[in-house]
Amino acid sequence: MTLKNLRILMFAMCLALLTVVSTRVSPAREDAAGPTEAELWPTPEPTPEPPPPTLEPTEEPVIDLEAELPGVDLNAWYLKLVNNDNSLSASFSPENVTAIRGGIYSQYFDSRAIERLEAMLDGAEAAGYEVYVRTAYRPYKSQATIFYGRATVISENQGIEYAEAEQMARKFVAYPGTSEHQLGLCADIMDSAQTPLDAEQAARLPLLLWLQEHCAEYGFIYRYPKEKQDITGWYEPWHFRYVGEDAARYMADKNLCLEEFYALSSGA
Ligand SMILES: [Zn+2]
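Anyway, here's the lowdown on the structure attached to this text. (Residues numbered from 1 in each chain as written. Predicted model: local features only at pLDDT ≥ 70, side-chain atom pairs only at ≥ 80, totals over all residues. Heavy atoms only, no water.)

**Overview of the overall build of the protein**
Each helix and strand in the protein was counted, giving 11 helices and 6 strands. Here the protein holds 268 residues, and the buried ones make up 38% of them. Pairs at least 24 residues apart make up 66% of the contacts formed inside the protein by residues separated by at least 6 positions. With an accessible surface of roughly 16900 Å², the protein has 54% of that area assigned to carbon and sulfur atoms. (Helix = DSSP H or I, 4+ residues; strand = E, 2+ residues; numbered from the N terminus. Buried < 20%, exposed > 50% of the residue type's maximum accessible area, 1.4 Å probe, protein only. Contact = heavy atoms within 4.5 Å. Areas by Shrake-Rupley, 256 points an atom, 1.4 Å probe, with all protein chains shown as cover.)

**Things to note about a negative patch on the surface**
A cluster of acidic residues, Asp64, Glu66, Glu68 and Asp73, forms a negative patch at the surface. Residue Asp64 is classed as partly exposed on the basis of its relative accessible area, which comes to 37%. (Patch = residues over 30% accessible without salt bridge, like charges linked within 9 Å, V, L, I, M, F, W, Y side chains within 5 Å. Salt bridge = Lys/Arg side-chain N within 4 Å of Asp/Glu carboxyl O. Lys, Arg positive; Asp, Glu negative; His and termini not counted. Charge placed at Lys NZ, Arg CZ, Asp CG, Glu CD.)

**Considerations on the pattern of salt bridges**
Counted by the stated rule, this structure contains 11 salt bridges. Across the pair Arg112 and Glu95 runs a salt bridge whose closest N-O atoms are separated by 3.5 Å. Residue Arg112 is found in the loop between strand S2 (108–110) and helix H4 (114–126), and its partner Glu95 is found in the loop between helix H3 (65–68) and strand S1 (97–99); the two are separated by 17 residues along the sequence. For Glu200, the salt bridge is made with Lys226, and the minimal N-O distance between the two is 2.8 Å. Of this pair, Glu200 sits in helix H7 (residues 199–202) while Lys226 sits in the loop between strand S5 (220–224) and helix H9 (229–232); the two residues are 26 residues apart in sequence, bridging distant segments of the chain. For Glu200, a relative accessible area of 38% gives the class partly exposed. Among the ionic contacts, a cluster of salt bridges with common partners joins Glu180, Arg223, Arg241 and Glu259.

**Overview of the environment of Asp64**
Note that Asp64 resides in the loop between helix H2 (37–40) and H3. In this structure, the C-alpha to C-alpha distance between Asp64 and Ser265, residues 201 residues apart in sequence, is 4.9 Å.

**Some points on the side chain of Arg101**
Position of Arg101 among the secondary structure elements: in the loop between S1 and S2. With residues near it in sequence (within four places) discarded, Arg101 still touches Glu118, Leu121, Asp122 and Glu125.

**Brief notes about helix H10 (residues 245–254)**
If you check which residues of H10 are buried, you get Ala247, Ala248, Tyr250 and Met251. Down the axis, H10 shows its buried residues gathered within 165° of arc, on one side only. Structural note: H10 exposes Ala252 and Asp253 on the side pointing more than 90 degrees away from its buried face. Buried residues in H10 make contact with H3, S5 and helix H11 (258–264). (Arc of directions from axis to C-beta.)

**Section: the packing of aromatic side chains**
Evaluation of the coordinates by the stated rule reveals 11 aromatic pairs. A network of ring pairs unites the aromatic residues Trp77, Tyr78, Phe109, Phe220 and Tyr242 as a single cluster. The aromatic ring of Trp77 is capped on one face by Arg112, whose charged end is 4.0 Å from the ring centroid. Directly above the ring of Tyr175 sits Arg170, whose terminal nitrogen or CZ lies 4.1 Å from the centroid. (Phe/Tyr/Trp six-rings, centres within 6.5 Å; stacked < 30°, edge-to-face > 60°. Lys NZ or Arg CZ within 6 Å of the ring centre and 35° of its normal.)

**Some words on the packing of helix H5 (residues 140–158) against helix H6 (residues 162–169)**
The description of two packed helices rests on the angle between their axes and on the distance between the axes. Taken N-terminus to C-terminus, the directions of H5 and H6 make an angle of 120°; their axes are 8 Å apart at the nearest point. Between H5 and H6, the crossing angle belongs to the class labelled oblique. The element H5 and its partner H6 pack so that their crossing is right-handed. Together, Phe147, Tyr148, Arg150, Ala151, Thr152, Ile154, Ser155 and Gln158 of H5 and Tyr162, Ala165, Glu166, Met168 and Ala169 of H6 make up the contact between the two elements. Here the residues of the contact of H5 with H6 are counted per class, giving 8 nonpolar, 3 polar and 2 charged. (Axes fitted to C-alpha atoms, helices over the stretch in contact; angles between N-to-C directions. Parallel < 35°, antiparallel > 145°, perpendicular 65-115°, else oblique. Left-handed = near helix turned anticlockwise from the far one by under 90°. Nonpolar A, V, L, I, M, F, W, Y, C, P; charged D, E, K, R; others polar.)

**Some points on the packing of H4 against helix H8 (residues 206–214)**
Viewed as axis vectors pointing N to C, H4 and H8 meet at an angle of 130°, and their least axial separation amounts to 10 Å. Our classification of the angle between H4 and H8 gives oblique. Between H4 and H8 lies a crossing whose hand is right-handed. Side by side, H4 and H8 meet where Met120, Gly123 and Ala124 of the first sit next to Leu207, Trp210 and Leu211 of the second. Split by residue class, the contact of H4 with H8 holds 5 nonpolar, 1 polar and no charged.

Now the structure itself:
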């Protein structure tokens, strides 16, 4: 090989080397220009549709209250459910009744639970409230007198058939046999004999707010709150019912009325 040929060869090799280097460098220049639009705004991967829920019927769990709450016997005398669908016979009366606080209100209560009622009244007084028991035990006959009397007044005042008046009276007075007062286990408690029984006003009475908060400690429930009226049929902020402490605390904790408490049990 001549010297001239050697120079040509070396020149060709340098040229080839330069070409390689320049092709390697050029993509780097493109990178320096920044990420592409596709890299900045990547098209999101389509999320797969969730599988349709399986349409299995959801059954309400049945709670066996007698098993869950030892000491709660649904057939016990203090847990009897009385309402429009569960009425007492005309001959039903409590085993024994005793005058509340020695008869100062002329009202009677089931002798087996009167101590708990009086302890609750003492508790309210110790908290600074005046206490007055308007009605407690009411025998079937007394309820009948009140109910039929009301129906008669409605019939005469409105000039309507007696049967129709009876249906109207049911909105204001419990039909004989359907009043819990026949059990001797509930008390209508107010701050005086004169305070009118207006539910909306009574609901704001500090005494009744105290009783609603503390009644479970004595084995009582606030039986007819407004939010349960569609179940119980009544709204009576003054009406407290003895059910025993276990059941009372359970119902208060879970915000259940007596009808709901029964519905939870497997035996109901
Ligand atoms: Zn009552």
